[in-house]
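Coordinate inspection notes
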Amino acid sequence: MPILVCGSLAFDTIMTFEGRFAEQILPSQLHILNVSFLVPGLRREYGGCAGNIAYGLRQLGAQAVPLAMLGNDGHEYLDRMRALGVDVSHVGTTADNYTAQAMIMTDRDNNQITAFHPGAMSAAHDNVVPARNDLAVAIISPDGREAMLSHARQLHAAGVPFVFDPGQGLPMFNGEELLQFIELATWVTLNDYEAQMLSERTGLTLDAIASRVRGLIVTLASEGCDVWDGGDKVRVAGVAATEVVDPTGCGDAFRAALLHGLEQGWPLQRCAELGNRMGAAKIATRGAQNYTLS
């Protein structure tokens, strides 16, 4: 059955600076900072949480239905998703905005400077959860603030079970709003840093959060993840990558596997095991949408 993926679609422009940022920035002159970096390496990739998750779902043979917004430059992205077999019937477009874009510059020490332009993502709340009765499961992943709030309410009202995965969007919400997400969601997924922030803002321990939802997963990078299911907590061991090439999109690969397993009716631990395999496969390749599960 189809899986609804609420989240962002974005272009990632990734630049490589062969020097060190620290050698180009004078700490005593930060008040008049004016620097320029020569970046011989540059590539443009497809990204955004909804796009990355949809890609992962298609690698597993699942039906991915993104609920997202593209700008007036998004035709290329639409063509790519169609070629992958992604259902784009609920991808909206805005004529007055560019597609969301992340511009990431990395130096030789892997320090990064990132600029993010939300563009069409800021209008994602105009794209409402579709009235269809064939959706097996959904996910609220990072998107425009109002879109995340409204889509959570709409999914709950429609009776569609969903995963709340706030990711880098978590800081946009206060404790009361995060408590509302938890009450509406069926499952919650976070990394260990986000889990600590969620606990601090809501005043709830992870055990208390787990008691309010059907399942909770906290990812722990190479150590795997902790899974709360039916009141029990278990550590699911990580999977070693064949090589470490690019971690970008690793979390989205994990979420794709989680959604696929939930749609299949698997226990949460089995979903997490597949998620760890998908994450390892992603780390061993360059690009958030350029890997397969062997």
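I will try to describe carefully the structure that is included in this document. Quick caveat: nothing in here was measured; it's all calculated off a predicted structure.

Conventions we followed
Residues numbered from 1 in each chain as written. Predicted model: local features only at pLDDT ≥ 70, side-chain atom pairs only at ≥ 80, totals over all residues. Heavy atoms only, no water. Helix = DSSP H or I, 4+ residues; strand = E, 2+ residues; numbered from the N terminus. Rg over C-alpha atoms; globule rule 2.2 N^0.38 Å. Buried < 20%, exposed > 50% of the residue type's maximum accessible area, 1.4 Å probe, protein only. Contact = heavy atoms within 4.5 Å. Areas by Shrake-Rupley, 256 points an atom, 1.4 Å probe, with all protein chains shown as cover. Lys, Arg positive; Asp, Glu negative; His and termini not counted. Charge placed at Lys NZ, Arg CZ, Asp CG, Glu CD. Pairing = 2+ DSSP bridges. Patch = residues over 30% accessible without salt bridge, like charges linked within 9 Å, V, L, I, M, F, W, Y side chains within 5 Å. Salt bridge = Lys/Arg side-chain N within 4 Å of Asp/Glu carboxyl O. Axes fitted to C-alpha atoms, helices over the stretch in contact; angles between N-to-C directions. Parallel < 35°, antiparallel > 145°, perpendicular 65-115°, else oblique. Left-handed = near helix turned anticlockwise from the far one by under 90°. Phe/Tyr/Trp six-rings, centres within 6.5 Å; stacked < 30°, edge-to-face > 60°.

1. Some remarks on the overall build of the chain
Broken down by element type, the chain carries nine helices and 13 strands. In terms of C-alpha radius of gyration, the chain reaches 19 Å, essentially the compact-globule figure of 19 Å for 294 residues. With respect to the principal axes defined by its C-alpha atoms, the chain has extents near 55 × 40 × 40 Å. Within the span of the chain, comprising 294 residues, buried residues form 53% of the whole. For the chain, the share of sequence-separated contacts (at least 6 apart) that also reach a separation of at least 24 residues comes to 67%. Accessible surface for the chain amounts to roughly 13500 Å². Of this, 49% is attributable to carbon and sulfur atoms. Of the side-chain charges in the chain, 20 are positive and 32 negative, and the distance between the mean point of each set is 3 Å.

2. Examining the pairing of strand S7 (residues 112-117)
Of the strand pairs in this sheet, strand S6 (residues 100-106) and S7 are connected by six bridges, and their pairing is antiparallel. Pairing of Gln101 across the sheet is with His117, part of S7. Here S6 hands over to S7 after five residues, with Asn110 in that stretch at a positive phi of 65°.

3. Regarding a nonpolar patch on the surface
Together, Leu30, Leu33 and Val35 make up a nonpolar patch on the protein surface, roughly 260 Å² of accessible area in all. If you trace the backbone, Val35 turns up in the loop between helix H1 (21-24) and strand S3 (41-47).

4. Section: helix H6 (residues 192-202)
Along an α-helix, residues three or four positions apart point the same way, because every turn accommodates 3.6 residues. All of the buried residues in H6 are Glu194, Ala195, Met197, Leu198, Ser199 and Thr202. Where H6 is buried, its residues meet helix H5 (175-184), strand S10 (187-191), helix H7 (206-212) and strand S11 (215-219). Gly203 sits one or two positions beyond H6 and adopts a positive phi of about 75°.

5. Thoughts on the sheet that holds S7
The four strands lie next to each other as S3-S2-S6-S7, forming an open sheet whose pairing is mixed. What marks the edges here is a single partner per strand, and that holds for S3 and S7. Going across the sheet, the axis of each strand differs from the next one's by a mean of 15°, ignoring polarity.

6. Considerations on the pairing of strand S13 (residues 232-236)
Relative to S13, strand S12 (residues 225-229) is paired through five bridges, and the arrangement is antiparallel. In the strand pairing of S13, Asp226 is matched with Arg235. In sequence, S12 turns back onto S13 through a hairpin of two residues, with Gly230 there showing a positive phi of about 65°.

7. Section: the packing of H5 against H6
The angle between the axes and the distance between the axes are what describe a pair of packed helices. At their nearest, the axes of H5 and H6 sit 8 Å apart, and the two run at 110° to each other. By the angle class used here, H5 and H6 are roughly perpendicular. H5 and H6 meet at a crossing whose hand is left-handed. Contacts between H5 and H6 involve Gly175, Leu178, Leu179 and Ile182 from the first element and Leu198, Arg201 and Thr202 from the second.

8. Some thoughts on the packing of aromatic side chains
This structure, assessed with the given rule, holds nine aromatic pairs. Summarising the aromatic geometry, the rings of Phe21 and Phe37 are spaced 5.2 Å apart at their centres and angled 70° between planes, so their arrangement reads as edge-to-face. Residue Phe21 is found in helix H1, and its partner Phe37 is found in the loop between H1 and S3; the two are separated by 16 residues along the sequence. Given a relative accessible area of 7%, Phe21 falls into the buried group. Between Phe164 and Phe181, the aromatic rings sit 4.3 Å apart at their centres with planes inclined by 10°, giving stacked as the arrangement. Of the two residues, Phe164 sits in strand S9 (residues 162-164) while Phe181 sits in helix H5, which places them 17 residues apart along the sequence. We classify Phe164 as buried; its relative accessible area is 0%.

Structural measurements only, silent on function.
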